[in-house]
Each structure stands twice: as structure tokens, then as C-alpha cells.
Amino acid sequence: MTIASEPADGYAVRSRILNFLKYGANSNPADPRVPFYRHPIFVRVAHWTNVIVLTVMLMSGLQIFNAHSALYWGYQSDFNHPLLSMVAMQNDDGSLKGVTQIGPWQFDTTGWLGASQVNGQWAVRGFPAWATIPGPQWLALGRLWHFFFAWLFVANGAIFASLAVYRGHFRRDLKPKVSDITGLPAEIAHHAKLQFPKGEAAKTYNGIQRLTYFTVIFIIGPLIVLTGLTMSPTLDSAFPFLPWLFGGRQSARTIHFLCAFSFVLFFIVHIVMVVLSGTWNNVRAMITGTYEIEQAGGRHG
Amino acid sequence: MADGATRRGFLMRSFAGVATLALAGCDSISQQPWLDPLLRSAEALTMRVQRLFAGNHALAQEFTKADIAPMFRANGTLDPGTQEYRAHAQKNFADWRITVSGLVEHPLSLSMDQLRKLPARTQITRHDCVEGWSCIGEWTGAPLAHILALAQPKDEARYAVFYCADPMSDSNGDGINDSDFYYESLDMVEATHPQTLLAYKLNGQDLDIAHGAPVRVRAERQLGYKQPKYVKDIVLVDSLDKISGGRGGYWEDQGYNWWGGI
């Protein structure tokens, strides 16, 4: 029970690090762990497919963005009043300075946004080469990647959503409950103290997980697809309500961009939570399906 | 033990392989010869599905005069710059002719005056550039469907190819483009769409040089590069394979999708 009182010899430190990597913060190595089949195969396949597909979608999307690195609101581009823009200016000595403007604020983002190096050469570009597919400015190829993987994204999402509903995963684990919202403050406090569910409670998702996964999968997912479709002039002729719904094609492009960065934000928080709640236990569960649940307070031992 | 060692060796090599792939990034993948056709395989699907929903006649949204952009951005060629084009511009394009030939029963050669006398259509539409920006403007021109009807396309005609007056390459390095003239193509569905025009006016004024004087294509369900400026000759064909790079347009030959509805 009391690891802290053990002598801090190399062995104890190493076993504590190992325990953290396996089971995360605040897990008690003395408590028994019971294997639990957490992720059915369709969840695991959809998850890893999404890892690849979303990475390509994001990076090829940034390549496309770089062709005109500014965002607007409305039906058309008010070039003098972008919501966001990334531009390059020339310093007195001729070197490039990257400037990012968000609303009325300007930031010097040299090396990152607006101006950055490609193979040792300074270039005028929104996002840097390491963040785009392909690296150099090449809109045509970026579009080929984006529109091929967009089909995979939609197919993967549709198959996952259908199976999630059909197999009860949606109702059981993903559909938010009223109590998820009322219980949100308490759940946030638990998360802040890194107290993760144990025993029976660990067999389903907690309130924050349900709200987050529901939002990311069933709100931002469809939203990024619909705003993407709204940028197509042919589909706008077929579905005039699309640009109307989002306040115009340029608004749709801006929302598309915000959705993409919501995915990035989700990804960062997701990775942090995976590490804090046990990297190995979580990753193994998403590969083999089996998650080891810590029995609360050593009930069995 | 030997088994374990072999397995470990395999795992290490696999890991190194994955790491190399990740490090080399998608740039080296982008150069693989199998990649381009694979990625392009989605284009036909995209086009078919978009056509399924948009059909042949769904109209692009039309706006009001209040929506017209104060400054309609000009992109691509801003001035063809050739001596021939300059001479036409000096005469206010009085001698400019638009020809329609190829797989037609009655080849045509229209002067600008004749073009302006044809029934005209005026539409306030949103122009979407492949780069991502949009501008709204009021276009006036002759519906291409009407002109093609005058020429009577043969049954085997599948595409209208537009040959333009703006050169895209500099052949002798003097900094002035003089070769590789812009061309584009639309299939017969898009070419005969009611909003597809040979436009000669923007916002009530004769087209200026930056926007494609004296005449350009408007194809309102397509991106900007599918709507060539400085149009001279229209040729109806049954295949794009033998024309220039074989992909149906100047930008298509540089790698852009032929389907410009997305």
C-alpha cells in the first residue's frame, strides 16, 4: 500500500516508473487487476484507421490551406478583412518575417507560420513544410491526397457509427446522459486529481469521456464533412441549403478549419489522458481489446 | 532462445522500417509511381457522386446586386502580353473571332459583334478559386448551349475544348511568356448547362484584360481554372487523350484534377 515509505532505491524507482507506464498515475501496484474485454474488433479497426486517415487529412488540408492562407466569414472573401491570415513581410535586410493575424491581433510567427524554411530555403507559406503533405508547396497533389482520404474518412466513420449503434456501443458507452452534465463538476475534479475509475465503474466510459467522444464523433465529424462538401461549387448547386446553413462558402471553409483544429486539440488531450491513465494498459486495450481493471481499494486482497 | 532472438530482430527491423517511413515522410511516398494513379482513382467516384446529386441542370446560386464584390480578384494570367493580343486590344477586339469546330455539323466563326447579338444571359454568381477564395460578380454573355446548338454537335462529341490566347511558358528565357497556350475542357453536360456562358461583361462593363477580355467561359458549378479566359477556338472532340498533355487542360497537365466541381 505505502510505496512512498519504501526506500528509494533504484529498484523501487524503476518499478514505480514501470507501474506508471503500465497503469498510469494513482494506481496501486498492490491492488489486483482483472482483465476486461473492453474494445470489440470494429472499434479497434476504426480507431487505427482513423489515426492514419486523420493524419493525412490534416496534413494535406494544411497544404490546401497554404494555397490561400487566410480565412473569412460569409459567402465571399473580403480580402481586406480576413478573420485569420498568415503572411510574409520582408525585413530591411531582405529576410522574411512571418506574421499571423487573428482578428485585430498580429503575432510574429517567423519560422512557424507565414514564413518558414523548406530544405534550408526560406519560403512564404502558411503552415511549415513539416506539417503539410506534400512538404513543398504543391496544391494539386495536396488535393489528390485530401480527396482520396476523404472517402476513407467518410467510409470509416459510417461503418463505425452503424456498428456502434447496431452493437449497442453507442447506447451503452457513447450516448451522453443527463447525469453526465449535472455530474460534470465532480467528474472534472476527479480528473484533475488524476483519480480514474476503478472496479465496475471502469467497465464503461465516464461522463467526460461520453461527452467528449460523442461531440468529436457525432458532432465535429459530420460537421467537418458537411463544411468540406459546402466548398464544392457543384454540390452547392445540388444542395443550396448547405452554404445557407453555414453562412456562406467562406464561413464553411473557416468552420472546416476550426473543426480540424478541434480534432488536433482532442488528439492532444486524448494522448495526455492515455499517458496519465496508463499508456500500456490503454494501448494494449486498443490493440488486443483487453483492458486490465484495477479493483477498487483492494476489495479482493 | 534462437526463436526469441529472431523475433526480436524482426521486431527491431520492423520498428526501424516504420520509423524510417515516418521520418522520410510522405514526400518520398509522393514520388512513388503507383501513388498518383491510386489517389486519382477517387476522382471518377467523386465526379459520379456529385453528378448524381447535382444532375445536369441544378443551378448555381444566384445573388443580388448588393452582394457583388467591390473588387473582383483577377488570378492566373493578368495580361496575355503577346503582340497579336496587344494588337487586338488596341482595336478594342473588333477583329477577335471565336470559332467552333471539330465534331460539329456546322463549324462557326463568330465576331464579337455577332456574339453580343446572340440571346444573352446575366447572372450574379460566386466564383470559387481552387486556392480557396471566393468572389461574387455579375456576368453577362451568350449561353454556350445556344452557340453549340447553332453548330450542331455530332453524336460522338463528348467534350468542348477551349483554346486561349494566353501563353503560360517562356520558351527563350526573356521573362515573357510566349508558348504553351492555356486550354481547358468541359464535358457536354457542363458545356451545355444553362449557366455556362461565353461571357463578355463583368458587372455591366466590357471584360477588362485582367478578367479575360474580350471573352471568357463561365461554368458556375466548377472552380475558376475550369473557366478559361481569352477564349479563341472551341473544338468538340470525343477524347482528350491526344490533346497536349492528354489530361484535358493546362492545369490538369500540371497535375490538377480534370473534375473541377470540388
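The rules we used
Residues numbered from 1 in each chain as written. Chains lettered and ligands numbered in written order. Predicted model: local features only at pLDDT ≥ 70, side-chain atom pairs only at ≥ 80, totals over all residues. Heavy atoms only, no water. Domains from an automatic or database assignment. Buried area = accessible area lost by both parts, 1.4 Å probe. Salt bridge = Lys/Arg side-chain N within 4 Å of Asp/Glu carboxyl O. Polar contact = N/O pair within 3.5 Å; in protein donor to acceptor, adjacent residues only side chain to side chain. Helix = DSSP H or I, 4+ residues; strand = E, 2+ residues; numbered from the N terminus. Buried < 20%, exposed > 50% of the residue type's maximum accessible area, 1.4 Å probe, protein only. Contact = heavy atoms within 4.5 Å. Nonpolar A, V, L, I, M, F, W, Y, C, P; charged D, E, K, R; others polar.

Q: How would you sum up the domain arrangement of chain A? Please name residues and give values.
A: Residue and element names in this part refer to chain A. On domain assignment, one finds that chain A holds domain 1 (10–75 + 130–298) and domain 2 (76–126). Taken over C-alpha atoms, the centre of domain 1 sits 30 Å from the centre of domain 2. If you sort the residues of domain 1 by the area they bury against domain 2, S69, L71 and Y72 come out on top, with a joint share of 38%. Remark: the boundary between domain 1 and domain 2 carries zero salt bridges. Viewed at the interface, domain 2 and domain 1 are joined by six residue pairs in polar contact (both at pLDDT 80 or more). Elements supplying a minimum of two residues to the side of domain 1 that touches domain 2: α2 (41–66), β2 (70–71) and α10 (249–276).

Q: For the pattern of salt bridges, give the residues involved together with the corresponding values.
A: Across all of its chains, the model carries 23 salt bridges over all chains by this definition. With a shortest N-O distance of 3.5 Å, K198 of chain A and E294 of chain A are connected by a salt bridge. Taken together, the residues span a long stretch of sequence, with K198 of chain A in the loop between α6 (184–192) and α7 (207–230) and E294 of chain A in strand β8 (residues 290–294) at a distance of 96 residues. For K198 of chain A, a relative accessible area of 29% gives the class partly exposed. Residue classification places E294 of chain A among the buried residues on the basis of a relative accessible area of 6%. Residues participating in the shared-partner salt-bridge network are D236 and R249 of chain A together with R126 and D128 of chain B.

Q: So, the interface of chain A and chain B: which residues are in play, and what are the values?
A: Interfaces are often sized by the accessible area lost when the parts come together. Counting residues at the interface gives 33 residues for chain A and 49 residues for chain B. Interface of chain A and chain B: buried area, both sides summed, is about 3400 Å²; carbon and sulfur atoms make up 63% of it. Summed over the shared surface of chain A and chain B, the result is two salt bridges. R126 of chain B is the partner of D236 of chain A in a salt bridge, and the nearest nitrogen-oxygen pair spans 2.8 Å. For the pair chain A and chain B, the interface holds 14 residue pairs in polar contact (both at pLDDT 80 or more). Residue assignment for the side of chain A that touches chain B shows that the elements contributing at least two residues are α3 (139–166), α8 (233–238) and α10 of chain A. With 10 residues, α3 of chain A is the single largest residue contributor to the side of chain A that touches chain B. Grouping the constituent residues of the side of chain A that touches chain B by class yields 21 nonpolar, eight polar and four charged.

Q: Help me get a handle on unusual backbone geometry, residues and values and all.
A: Of note, the amide linkage connecting I133 of chain A to P134 of chain A takes the cis form, showing an omega dihedral of -15°. Among the structural elements, P134 of chain A can be located in the loop between β7 (121–125) and α3. Residue P214 of chain B is bonded to the preceding A213 of chain B through a cis peptide linkage, with omega at 0°. Here P214 of chain B is to be found in the loop between β8 (205–206) and β9 (216–218). Not every positive phi belongs to a glycine, and N119 of chain A is a case in point at roughly 50°. Tracing the chain through its elements places N119 of chain A in the loop between β6 (114–118) and β7. Of note, D180 of chain B is a non-glycine position whose phi angle comes to about 60°, a positive value. When its relative accessible area of 38% is taken as the criterion, D180 of chain B is described as partly exposed.

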